[in-house]
Amino acid sequence: MKEKENILQKGWVVAILAMVCCFLWGSAFPCVKIGYDLFHIAAEDIASQILFAGARFTLAGILAIALGSLMGRKVLAPASTSWGMILKLCMVQTVIQYLLFYVGLANTSGVKASIIEASNVFLAILISALIFRYEKLSKEKVLGCLVGFAGVVLINLSGGGIDSSMSLLGEGFIFLSTLSYALSSVLIKKYSQRENPVTLSGYQFMLGGLIMVVVALTAGGRLQGFTVKSTLLLIYMAMISAVAYSLWGLLLKYNPVSKVAVFGFMNPMFGVILSAVLLREKNQAFTLRGLASLVLVCIGIYVVNQDFSQKKRKI
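These numbers were taken from a predicted model, which means no experiment stands behind them. (Residues numbered from 1 in each chain as written. Predicted model: local features only at pLDDT ≥ 70, side-chain atom pairs only at ≥ 80, totals over all residues. Heavy atoms only, no water.)

**Describing the overall build of the chain**
As a reminder, the rule being used: Think of it this way: any DSSP run of H or I at least four residues long counts as a helix, any run of E at least two long counts as a strand, and we number them from the N terminus. The cut-offs for exposure are 20% and 50% of the maximum accessible area for each residue type, with area from a 1.4 Å probe on protein chains only; residues under the lower value are buried, those over the upper are exposed, and the others partly exposed. Any two residues whose heavy atoms approach within 4.5 Å are treated as being in contact. The Shrake-Rupley method, run with a 1.4 Å probe, gives the accessible areas here. Residue values count only the displayed protein chains as cover.
Within the chain one finds 14 helices and two strands. Counting all 315 residues of the chain, 55% fall into the buried class. A separation of at least 24 residues holds for 87% of the contacts in the chain among residues at least 6 apart in sequence. If you sum the accessible surface of the chain, you get close to 13,700 Å²; carbon and sulfur atoms cover 69% of it.

In structure tokens:
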């Protein structure tokens, strides 16, 4: 265990694994919107959107448990005392976050959503420092958060005011889902000290996914249009969650929240590029405003990262 812990704390290992996670998460933005098209889910059909998410995460949980069991050569099963943590985590990380995310993404662009999601980095650091007291909130971290949020605001500006397309069901829900994700990151840090992060991810995904499926079916949601292409997309999206969240949980277990969260700047980078290519949103992704917002987000992350790497604060 000591050797594994040292490996996961090495800077280059954290960077590579975090980049893999961020690429996978970045690809989720266009994949969700493509999935809506393949499964014939309309923007106003919230029940079917929730059912789509529930099916994805139920499958993700099964895959995470299966992969973890194969790698550990034993069936992953949580301790009896861990079910309370799993329930709390599944509500925050899966049910609430992705209910808001799927509805929000149906009512905004993949590019805009991916940049708003970048705020999870700053929110996670703020929650970790101010609520859970896992690390200190320095002037540099505050400055980095402000600069990053400026980038989030900038992408919603049109001319001299707020973009008229901004709405609670669109950009508003995406931001609230980001807040839920930030809270879940800190909870994973806390809970992984008592339970295997892969076990936490697998069972909370499966439980959260089943809750969403039941809610969606009760509300009249349905999935149609199953083809080889749509089925492969659903499996890929399940793998995104199974792989990315398991790796992210392991990194959070052995490292301070700020050291891991800081790599979240790659989420909007991958999200913008992949949305621009796959969804043909180049006119929004590569405008001066879009590029400037990304620059601000990256500068904010850089400032936070410099504060961590130079002062080497410990939690």
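**Section: the packing of helix α2 (residues 11-38) against helix α10 (residues 228-254)**
Note the following rule: Think of each axis as a best-fit line through the C-alpha atoms, taken over the contacting stretch in the case of a helix, with angles from 0 to 180 degrees between the N-to-C directions. Orientation labels follow simple angle bins: below 35 degrees gives roughly parallel, above 145 gives roughly antiparallel, 65 to 115 gives roughly perpendicular, and whatever is left gives oblique. Each crossing is labelled by how the near helix is turned from the far one, with a counterclockwise turn of less than a right angle marking it left-handed and a clockwise turn marking it right-handed.
Contact geometry of α2 with α10 gives a least axis separation of 9 Å together with a crossing angle of 150 degrees. Here α10 runs roughly antiparallel to α2, going by the angle between their axes. Crossing angle aside, the handedness with which α2 passes α10 is left-handed.

**So, helix α6 (residues 120-131)**
The cut-off we apply is this: To estimate the expected span of a helix, subtract one from its residue number and multiply by 1.5 Å.
Taking 1.5 Å per residue as the helical rise, α6 with its 12 residues ought to reach 16 Å, and the 15 Å between its terminal C-alpha atoms agrees with that figure. In terms of residue burial, α6 counts as a mostly covered element, since nine of its 12 residues are buried. Those residues of α6 not exposed but buried are N120, V121, F122, L123, A124, I125, I127, S128 and A129. A positive phi of about 60 degrees marks R133, the residue just after α6.

**Description of helix α4 (residues 83-105)**
We count it as follows: The angle between axes fitted to the seven residues ending at a residue and the seven residues starting there is what we call the bend at that residue.
Taking 1.5 Å as the rise per residue, α4 with 23 residues should run 33 Å; its terminal C-alpha atoms sit 31 Å apart, in good agreement. Along α4, the largest kink reaches about 35 degrees and is centred on M91.

**Observations concerning the confidence of the model for the chain**
The line we're drawing: Each residue carries a pLDDT score, the predictor's own confidence in it, on a scale running from 0 to 100.
For the chain, per-residue confidence averages 81 on the pLDDT scale, and residues scoring 70 or more make up 87% of the total. The lowest-confidence element of the chain is strand β2 (residues 161-162), averaging 42 in pLDDT; the highest-confidence one is helix α9 (residues 197-218), averaging 93.

**So, the environment of S185**
With respect to the secondary-structure elements, S185 resides in helix α8 (residues 168-191). Taking the C-alpha atoms as reference points, S185 and Y245, 60 residues apart in sequence, are found 9.7 Å from one another.

**Here we look at the nonpolar core**
The cut-off we apply is this: Among buried residues, the Ala, Val, Leu, Ile, Met, Phe, Trp, Tyr and Cys ones that are joined through side-chain atoms within 4.5 Å form a nonpolar core.
Membership of the largest hydrophobic core comes to 66 residues, with the highest contact counts inside it found for W25, F52, F101, Y102 and W248. For this core, the elements supplying multiple residues, two or more each, are α2, α3 (46-72), α4, α5 (110-116), α8, α9, α10 and α12 (266-278). When residues of this core are assigned to their parent elements, the largest contribution, 13 residues, is made by α2. Residues in contact with W25, not counting those within four places in the same chain, are Y181, I240, A244, Y245, W248 and N267. Counting residues in each nonpolar core, the second largest holds 12 residues, with L123, C145, V186 and A261 among its members.

**Quick notes on a nonpolar patch on the surface**
Our working rule: Here the term patch refers to residues with relative accessible area over 30% and no salt bridge, with like charges joined within 9 Å and nonpolar side chains (Val, Leu, Ile, Met, Phe, Trp, Tyr) within 5 Å. Salt bridges are defined as contacts in which a side-chain nitrogen from Lys or Arg sits within 4 Å of a carboxyl oxygen from Asp or Glu.
Together, L168, F175, L176 and L179 make up a nonpolar patch on the protein surface, roughly 330 Å² of accessible area in all. With respect to the helices, strands and loops of the structure, F175 is situated in helix α8. The exposure class of F175 is partly exposed, given its relative accessible area of 31%.

**What about the packing of α2 against α4?**
Which entries qualify depends on this criterion: Under the scheme applied here, ten amino acids are nonpolar (Ala, Val, Leu, Ile, Met, Phe, Trp, Tyr, Cys and Pro), four are charged (Asp, Glu, Lys and Arg), and all others, including Gly, are polar.
Where α2 contacts α4, the axes come no closer than 10 Å and their chain directions differ by 70 degrees. The orientation of α2 relative to α4 falls into the category roughly perpendicular. Here α2 and α4 pass one another in a crossing that is right-handed. Note on element contacts: α4 touches α2 through F101, Y102, V103 and L105, opposite F29, V32, K33 and Y36. Split into classes, the residues belonging to the contact of α2 with α4 amount to seven nonpolar, no polar and one charged.

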